Structure formats: C-alpha cells, structure tokens
Amino acid sequence: MGKQKEKAILEAVLFTMGESVEIERLASVIEEDKKTTKELLLELKEEYEQKQCGITLMELEDSFQMCTRAEMYEYLIKIAKTPRKYVLTDTLLETLSIIAYKQPITRAEIEKIRGVSCDHAVNRLVEFGLIKEVGRMDAPGRPLLFGTTEEFLRSFGVKSLEELPELSAVQIEEFKIQAEQEASVQLDI
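Residues numbered from 1 in each chain as written. Predicted model: local features only at pLDDT ≥ 70, side-chain atom pairs only at ≥ 80, totals over all residues. Heavy atoms only, no water.

A.B. asks: Residue-level account of the packing of helix α5 (residues 90–102) against helix α7 (residues 119–127), with values.
C.D. replies: Put simply, α5 and α7 touch, their axes get as near as 9 Å, and they point 80 degrees apart. Classified by the angle between their axes, α5 and α7 sit roughly perpendicular to one another. Residues T91, L92, T95, L96 and I99 of α5 touch α7, and the partners they reach there are A121, V122, R124 and L125. The class makeup of the residues in the contact of α5 with α7 is six nonpolar, two polar and one charged. (Axes fitted to C-alpha atoms, helices over the stretch in contact; angles between N-to-C directions. Helix = DSSP H or I, 4+ residues; strand = E, 2+ residues; numbered from the N terminus. Parallel < 35°, antiparallel > 145°, perpendicular 65-115°, else oblique. Contact = heavy atoms within 4.5 Å. Nonpolar A, V, L, I, M, F, W, Y, C, P; charged D, E, K, R; others polar.)

Structure below.
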C-alpha cells in the first residue's frame, strides 16, 4: 500500500468517526507501526495547512481528530446552529484546575484543597464534558475519582496535560490564600 493511499484511509476513517481515534487503532487499520502512522497524520495535517483547507487534524494525547479550522468558525455559524457555550465561573475554573493538576482526584480531596463544598462545581464540569468519572479509589466507601476529558484538552487548546503551565510556589501560595478567604466569606454568610 502506498503512502498516499494510507493517508487517504486515515483521512476517511477520521472523517467518518467524527471524534478522536487512538493512533494505535489507526495504525492497525493501515497495518503500520504507531511511529509511521503518526508521521503520516502529521504530514496530512501539514498538507491541510499548506492548502489552507477548511479542516485540520487535532492531536490529543495519543489520538487524532479531524475538525474544522478555527478561522472557519464565523462562516460555519452562519449555516449551523451556534454551539452551546458554557460559562466557567471562577469557582468552576478553580475546581477544574485542581482536577487537571491533581487527577485522578476525589470530591473530598478537591474540597480539602478548596476548603468548601464542590458538589455543584463538579456536577457542572461533568455536564460540560470537561471532566468525567475515571474510576473509584480503593478506600472505604470507594469514592469516585475524577479526571479531565479530551473536551478539556480541545477547549483549552492543548494536546496533552504535559502542556499545562507549571505552577510556581508563589502561585500555589496565592491560591491557598484566595481559597481561605473564599471559605471565610462563605462562613460569614
């Protein structure tokens, strides 16, 4: 099978699936190793960029997804229904940050860090598809563990969690102070 045919197959599979597909699965379809498959996908992505196509390939950890180029959004919404937007309040962002950096994590661990209940925030983040249940902790009561989703990666424009910015000791201390202030304000209410 030639290189062009393999790229055409990858393109067809990603277009048809409509969601991210693991490189390992794509490699098995074209009967190549993961390294070669990833190289083919990156070549395909580069071809789309050079031709200024309306689509692109997005890399998400060990997966790829075909999607509309960001610059095409304004034209897309003229014909398609505007996608539902969600608002991430400070509380939701703070909870999401804790989950992103500490995952897998339980509600109790999030609440210990934040100093306040996180039920509403966790439920909203699950509803928005930014986090999901990733298992249960092997502890009494077997509490649920939460982690981020591919939608989180897409929404924040990162390929993997390793691309998240590192927090400095000063930032961590500031977050602790803010959380303590927030907790004391809620206690006063």
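From this point, things continue past the structure.
A.B. asks: Before we move on, can you summarise the side chain of Q65 with the specific residues and values?
C.D. replies: Along the chain, the position of Q65 falls in strand β3 (residues 63–68). Take Q65: its relative accessible area is 9%, and that puts it in the buried class. Separated by 2.5 Å, the side chains of Q65 and R154 make a polar contact. If sequence neighbours within four positions are ignored, Q65 has contacts with L14, G18, E19, S20, T56, L57, M58, L60 and R154. (Buried < 20%, exposed > 50% of the residue type's maximum accessible area, 1.4 Å probe, protein only. Polar contact = N/O pair within 3.5 Å; in protein donor to acceptor, adjacent residues only side chain to side chain.)

A.B. asks: Tell me about helix α1 (residues 3–17), and name the residues and values.
C.D. replies: Since there are 3.6 residues in each turn of an α-helix, residues three or four apart along the chain are aligned in direction. The end-to-end C-alpha distance of α1, which contains 15 residues, comes to 21 Å, matching closely the 21 Å that a straight helix rising 1.5 Å per residue would cover. Along α1, the residues that are buried comprise E6, K7, L10 and L14. One side of α1 carries all its buried residues, which in axial view fall inside an arc of 100 degrees. Seen from the open side of α1, the exposed residues pointing more than 90 degrees away from its buried face are Q4, K5, F15 and T16. Phi turns positive one or two residues past the end of α1, at G18, with a value near 75 degrees. (Expected span 1.5 Å × (residues − 1). Arc of directions from axis to C-beta.)

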